[in-house]
Amino acid sequence: MERTCVGCRQRSQRADLFRVVEKSGFLIFDNQKNLPGRGAWLHPVSECLELAISRKSFIRALKLKKQVETSGLNFTKEQAETMLAKNE
């Protein structure tokens, strides 16, 4: 199943993307990809994260009414690869 990255807007397989959800005003990674609610999909690279934040893509994708805290979403390429490997 394909999803679109909210950062670069490229389509990729679900397994290759992180799912991000809003919880209590914060954006968090849904490592198991099964938390309730609307999710936004993101490539595990900092460039896509930066694009998504600067374009305010999370607000649109998650249909939020206001800006949410994104500081907890920072990650390095190595962390992203580790998280992807755990999900396989």
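The next point concerns the overall build of the protein chain. Helix and strand counts for the protein chain stand at 3 helices and 5 strands. Secondary structure of the protein chain in N-to-C order comes out as β-β-β-β-β-α-α-α. Counting only residues that meet the buried cut, the protein chain has 38% of its 88 residues in that class. Contacts spanning at least 24 positions in sequence make up 54% of the contacts within the protein chain whose residues lie at least 6 apart.

With that settled, the discussion passes to the sheet that holds strand 3 (residues 18–23). If you trace the 3 strands from one edge of the open sheet to the other, you get 4-3-5, paired in antiparallel fashion. Of all the strands in the sheet, just strand 4 (26–29) and strand 5 (40–42) have a single pairing partner and so form its edges. Across the sheet, the axes of successive neighbouring strands diverge by a mean angle of 35°, strand direction being ignored.

Attention now goes to the environment of Arg19. Looking at where Arg19 falls in the secondary structure, it is placed in strand 3. On a C-alpha basis, the gap between Arg19 and Trp41 in space is 4.7 Å, while along the polypeptide they are 22 residues apart. Those residues in contact with Arg19, other than ones at most four positions away along the chain, are Ile28, Phe29, Asp30, Lys33, Asn34, Leu35, Gly37, Arg38, Gly39, Ala40 and Trp41. Engagement of the side chain of Arg19 in a polar contact is seen with the side chain of Asp30, the distance being 2.5 Å.

Per the counting criterion, the structure on display carries 1 aromatic pair. Seen in terms of ring centroids, Phe18 and Phe29 are 5.2 Å apart; in terms of plane orientation they differ by 65°. Their pairing is edge-to-face. Here the residue Phe18 occupies a position in strand 3, and Phe29 occupies one in strand 4, the gap between them amounting to 11 residues. Residues Phe18 and Phe29 agree in their burial class; the two are buried.

Rules used throughout
Residues numbered from 1 in each chain as written. Predicted model: local features only at pLDDT ≥ 70, side-chain atom pairs only at ≥ 80, totals over all residues. Heavy atoms only, no water. Helix = DSSP H or I, 4+ residues; strand = E, 2+ residues; numbered from the N terminus. Buried < 20%, exposed > 50% of the residue type's maximum accessible area, 1.4 Å probe, protein only. Contact = heavy atoms within 4.5 Å. Pairing = 2+ DSSP bridges. Axes fitted to C-alpha atoms, helices over the stretch in contact; angles between N-to-C directions. Polar contact = N/O pair within 3.5 Å; in protein donor to acceptor, adjacent residues only side chain to side chain. Phe/Tyr/Trp six-rings, centres within 6.5 Å; stacked < 30°, edge-to-face > 60°.

Worth remembering: the numbers are spatial, not functional.
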